[in-house]
Amino acid sequence: MYATVSDMIARFGETQMIRLSRPEDRSAETVDDARIETALSDASALIDGYLRARYTVPVAAPPLEIKRAACILARYDLAQGEHVDPSKEMDKGRADIVAWLESIAKELVNLDVPAAPISGAAVGSGPAMVDRERVMTHENLRFF
């Protein structure tokens, strides 16, 4: 995972994390760590899906922007439920993060993380040069 429960609390506040992780219990005083970790895991998987073509995933030392993206995506997921809907601010935040991830996938934005190993055609699989003599030359075909 690219972020932790404590990252979520630091970014959005403990009160909001309590309300989002325990929406059915308005008297709760602690966060539901398991629910937040599930949302963070889902967010990390979504991020990996966009990064996989260009970078080695999971990113071993994620930069702050990936940690921020994971928190915003997880917050949006936590806000979806039977009795709650994400706010406009959360909708915009998720849309901005997805657009940013799409820019990374399209190679418009670069991250300072290790690149994925090159896959596809093997080295030396381009056009080949042949050192044999030509069968048809201008001299052979001069009279045709």
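See the structure above.
Residues numbered from 1 in each chain as written. Predicted model: local features only at pLDDT ≥ 70, side-chain atom pairs only at ≥ 80, totals over all residues. Heavy atoms only, no water.

Side note on the overall build of the protein chain
Applicable threshold: Elements are defined by DSSP. Helices are runs of H or I of four residues or more, strands are runs of E of two residues or more, and each kind is numbered from the N terminus. Radius of gyration: over C-alpha atoms. The globule rule applied is 2.2 Å multiplied by the number of residues raised to the 0.38 power. Residue contacts are counted whenever heavy atoms from the two residues lie within 4.5 Å of one another. The method behind every accessible area is Shrake-Rupley, applied with a 1.4 Å probe, and residues are considered shielded solely by the protein chains displayed.
Assigned secondary structure in the protein chain consists of five helices and zero strands. Put simply, the protein chain runs from its N terminus to its C terminus through helices and strands in the order α-α-α-α-α. In summary, the protein chain has a C-alpha radius of gyration of 26 Å against a globular reference of 15 Å for 144 residues, an excess of more than 25%. For the protein chain, the spread of C-alpha atoms along the principal axes amounts to about 100 × 30 × 20 Å. Put simply, of all contacts in the protein chain between residues at least 6 apart along the chain, 68% involve residues at least 24 apart. Total accessible area on the protein chain is roughly 10200 Å²; 52% of this is exposed by carbon and sulfur atoms.

Re the layout of surface pockets
Spelled out, the test is: Definitions used for this entry: grid spacing 1 Å over protein atoms alone; cavity, a set of points where a 1.4 Å probe fits but cannot get out; pocket, an open set with protein on both sides within 12 Å along at least 5 of 7 lines; lining residue, one with an atom within 4 Å of a point. Grid points are joined across faces, edges and corners, and a volume is the space filled by probe spheres set on the points.
In this structure, the largest pocket occupies an estimated 160 Å³ of space. If you go around the largest pocket, you meet 14 residues; those closest to its centre are Arg68, Ile72, Arg75, Glu89 and Gly93. Every element with two or more residues in the lining of the largest pocket is listed here: α1 (5–12), α4 (64–78) and α5 (88–105). Sort the elements by how many residues they give to the lining of the largest pocket and α5 lands first, with eight residues.

Some details on the side chain of Ser21
For the record, the criterion: Under the scheme applied here, a residue whose accessible area is under 20% of the maximum for its type counts as buried, over 50% as exposed, and between as partly exposed, the area being computed with a 1.4 Å probe on protein chains only. Here a polar contact is taken to be a pair of N or O atoms separated by no more than 3.5 Å, where protein atoms must pair a possible hydrogen donor with a possible acceptor and residues adjacent in sequence count only if both atoms sit in side chains.
Positionally, Ser21 belongs in helix α2 (residues 14–21). Residue classification places Ser21 among the buried residues on the basis of a relative accessible area of 2%. Within the local environment of Ser21, its side chain forms a polar contact with the backbone oxygen of Met17, the two atoms lying 2.7 Å apart. If near-sequence neighbours (up to four positions away) are discounted, Ser21 is found in contact with Val31, Asp32, Arg35 and Ile36.

Here we look at the side chain of Ser44
Looking at where Ser44 falls in the secondary structure, it is placed in helix α3 (residues 33–51). In this structure, Ser44 is in contact with Met1 and Tyr2, ignoring residues within four places of it in sequence.

Some words on the packing of α1 against α4
In a packed pair of helices, the relevant descriptors are the angle between the two axes and the axis-to-axis distance. So the rule is basically this: Axis definition: a line fit to C-alpha positions, over the contact stretch in the case of helices; interaxial angles, taken between N-to-C directions, run 0 to 180 degrees. Any angle between 65 and 115 degrees counts as roughly perpendicular, while under 35 counts as roughly parallel, over 145 as roughly antiparallel, and the rest as oblique. Just so you know the grouping, Ala, Val, Leu, Ile, Met, Phe, Trp, Tyr, Cys and Pro go in nonpolar, Asp, Glu, Lys and Arg go in charged, and all remaining residues, Gly too, go in polar.
Interhelical geometry of α1 versus α4 gives an angle of 85 degrees and a closest axis separation of 10 Å. Taken as axis vectors, α1 and α4 run roughly perpendicular relative to one another. Of the residues in α4, those in contact with Asp7, Met8, Arg11 and Phe12 of α1 are Lys67, Arg68, Cys71, Ile72, Ala74, Arg75 and Leu78. Of the residues belonging to the contact of α1 with α4, the class tally is six nonpolar, no polar and five charged.

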